[in-house]
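Here are the chains, one letter per residue:
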Amino acid sequence: MEKKPEPDLTSTLHLGGRQGPTPANASELAKLSEEERGIVAKLSPKDGMLIVHRGPGKGSRFLLTDSSTIGRSPDSDVFLDDVTVSRKHAVVSFSEPGAFNVKDLGSLNGTYVNGQPVVDVLLSSGDEIQIGKFHMLFFGGKS
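Residues numbered from 1 in each chain as written. Predicted model: local features only at pLDDT ≥ 70, side-chain atom pairs only at ≥ 80, totals over all residues. Heavy atoms only, no water.

(A) Structural context of the confidence of the model for the protein. The predicted model of the protein has a mean per-residue pLDDT of 83, with 78% of residues at 70 or higher. Across the protein, the secondary-structure element scoring lowest on mean pLDDT is helix H1 (residues 34-41), at 84, and the one scoring highest is strand E7 (residues 111-113), at 97. Across residues 16-25 the pLDDT falls below 50, and counting only partners more than four positions away or on other chains, this stretch makes 18 contacts in the model. (pLDDT = per-residue confidence, 0-100. Helix = DSSP H or I, 4+ residues; strand = E, 2+ residues; numbered from the N terminus. Contact = heavy atoms within 4.5 Å.)

(B) Seen up close, the side chain of Asn101. Within the secondary structure, Asn101 sits in strand E6 (residues 99-104). Here the side chain of Asn101 touches Asp120 through a polar contact of 2.6 Å, side chain to side chain. (Polar contact = N/O pair within 3.5 Å; in protein donor to acceptor, adjacent residues only side chain to side chain.)

(C) Quick peek at the pattern of salt bridges. As enumerated under the stated definition, the model contains two salt bridges in all. Here Arg61 ties to Glu35 by a salt bridge, and the two come within 3.8 Å at their closest N and O atoms. Taken as a pair, Arg61 in strand E2 (residues 61-65) and Glu35 in helix H1 lie far apart in primary sequence, 26 residues in all. What makes Arg61 partly exposed here is its relative accessible area of 36%. Overall, Glu35 belongs to the exposed group, its relative accessible area being 52%. Of the charged contacts, one joins Arg54 and Glu128 as a salt bridge, the two residues approaching to 3.8 Å between their closest N and O atoms. One end of the pair, Arg54, is in strand E1 (residues 47-54); the other, Glu128, is in strand E10 (residues 128-131), with 74 residues separating them in the sequence. (Salt bridge = Lys/Arg side-chain N within 4 Å of Asp/Glu carboxyl O. Buried < 20%, exposed > 50% of the residue type's maximum accessible area, 1.4 Å probe, protein only.)

(D) Region of the structure containing the environment of Gly110. By secondary structure assignment, the location of Gly110 is in the loop between E6 and E7. Looking at Gly110, the relative accessible area reads 17%, which means it is buried. A sequence separation of 22 residues divides Gly110 from Gly132, and the C-alpha atoms of the two residues are 7.8 Å apart. Those residues in contact with Gly110 that lie beyond four places of it in its chain are His89, Asp104 and Gln130.

Below is the structure:
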């Protein structure tokens, strides 16, 4: 008697419209309001900013300095209140003038930059970071 294979009980959870990679460029500024463009233009080389452009909290802005934690914990520097976000999800760190990187902290749903899953990656202005249902644009200050 031939043994039947057991069914695969695993599944993949897709959290919304992740589209393919999007190039990081100045055209991302077009997605911002005039007020937001003015704020981004005034960022110092040691500052960065995340602006939620899709998902819950659309329009929220988060100033990034030195090392900013992202998560569902109210103690996070960037507090994203949704079950799709881990309590300690990721950290964005300043490394040198105008240079920031994002590092996933072992989150359940992962961290994506321009549609690609990442563990630790250098960010460029205009990059889209997706954490759970939140789609945020990153902008770094210019030297």
